[in-house]
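Single-letter residue listing:
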Amino acid sequence: MTSTIASTAPAALVDRPDWLTDDAWPFPVHALEVADHTIAYTDAGEGPILLFVHTGMWSLVWRDLMDDLARDFRCVTLDAPGTGLSSGTGRVDLTMSSQAIDALVRHLDLRDIVLVLHDLGGIATLHASAAWTDRVRGLVAVNTFAWRPSGVAFRSMLALMGSPVMREIDVLTGWLPRLTATTFGVGRHWTRPRRKTFLKALDHRGRRSFHHYMRSVMPFDFDRVDAARDAYRSLPAVTVFGERNDYLGFQAKWAERLDDLEQIEIPKGNHFPMCDAPAVVTAAIRMRFGQAAEPTSSDAMLAR
């Protein structure tokens, strides 16, 4: 993948829509130009760096984790191209999402990063990070995967959700965002106004983008994903899955691929376990990654 060069000028603030209140998202939102997209990102707090990436919906899925963890960590997240507060006319697929992640990491010069990944954000971020594995010190995989899809059930689900027919049905009816906003999705502990805020960003454009991302999974470059994952095999890692949503056995597959792994199952959890039990997830992150990485000898020499 060719790195996208991002501007190093002071970050502009994104104009927040009236419906995105400070209560719903209590962080500033900045803009970064990447190819034909304006990427909306948040950089809040100080301390060890956590990079939160979800690809498909938008960053509000991380709201409760970031609100807690920003007291002790530097929390960075972004809306993938075509989603949330990001805007632009460029293509929307996993390769473009990877380029946006790469550009943001380089723009902010993030190092000693703990990757906190959900859903398609897992493969998009690992793809990007293949170019800078030395910047990563840990991994939190939240209901995500990091290998080429196999098996009839998995591949059929991707084909169905990425199909033009399913895409246009969702664009017309909004059935998927409405289901996602319920207690079976992100909304278990959210108020009605926050659920409405979540849905506001999932307009026709956002719904189309979700299905474009699903359609782009099968032709994605999984060789880069595999290379990055293998580079992280000995790093400290945590996986978090909902009790009711690991029907493809991802927890066991992560255990085969990572050596220093803590696995957490959220009782009665579904596809968004970080929203089902945010306190459990934040406690696990604090326990595992609360201290920044020790400086290397070269870093120490530069600091003198």
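**Quick word on the packing of helix H4 (residues 152-161) against helix H8 (residues 204-215)**
Then, number 1: One way to put it is that H4 packs onto H8 with a least axis distance of 8 Å and a crossing angle of 140°. Every pair of crossing elements has a handedness; the one defined by H4 and H8 is left-handed. Residues Met157, Leu158 and Met161 of H4 lie in contact with H8, whose contacting residues are Phe210, His211 and Met214.
Then, number 2: The class makeup of the residues in the contact of H4 with H8 is five nonpolar, one polar and no charged.

**A word on the side chain of Thr239**
Then, number 1: Note on placement: Thr239 falls in strand S9 (residues 236-242).
Then, number 2: Of note is the side chain of Thr239, whose polar atom sits 3.4 Å from the side chain of Gln263.
Then, number 3: Apart from residues lying up to four places away in sequence, Thr239 is in contact with Ala141, Gln251, Trp254, Leu261, Glu262, Gln263 and Ile264.

**Quick notes on the pattern of salt bridges**
Then, number 1: Throughout the structure, instances matching the rule amount to 21 salt bridges.
Then, number 2: The residue Arg74 makes a salt bridge to Asp43 at a minimum N-O spacing of 2.7 Å. On the criterion of sequence distance, the pair formed by Arg74 in strand S5 (residues 74-78) and Asp43 in strand S3 (residues 37-44) is long-range, its members being 31 residues apart.
Then, number 3: On the basis of relative accessibility, which here comes to 21%, the residue Arg74 falls in the partly exposed class.
Then, number 4: Where Arg188 meets Asp276, a salt bridge forms, and the shortest distance between an N and an O atom there is 3.4 Å. Remark: Asp276 occurs in helix H11 (residues 273-276) and Arg188 occurs in the loop between helix H6 (175-180) and helix H7 (192-200); sequence separation between them is 88 residues.
Then, number 5: Residue classification places Arg188 among the partly exposed residues on the basis of a relative accessible area of 27%.
Then, number 6: Salt bridges linked by common partners bring Asp23, Arg63, Asp64, Asp67 and Arg194 together as one network.

The rules behind these values
- Residues numbered from 1 in each chain as written.
- Predicted model: local features only at pLDDT ≥ 70, side-chain atom pairs only at ≥ 80, totals over all residues.
- Heavy atoms only, no water.
- Axes fitted to C-alpha atoms, helices over the stretch in contact; angles between N-to-C directions.
- Helix = DSSP H or I, 4+ residues; strand = E, 2+ residues; numbered from the N terminus.
- Left-handed = near helix turned anticlockwise from the far one by under 90°.
- Contact = heavy atoms within 4.5 Å.
- Nonpolar A, V, L, I, M, F, W, Y, C, P; charged D, E, K, R; others polar.
- Polar contact = N/O pair within 3.5 Å; in protein donor to acceptor, adjacent residues only side chain to side chain.
- Salt bridge = Lys/Arg side-chain N within 4 Å of Asp/Glu carboxyl O.
- Buried < 20%, exposed > 50% of the residue type's maximum accessible area, 1.4 Å probe, protein only.

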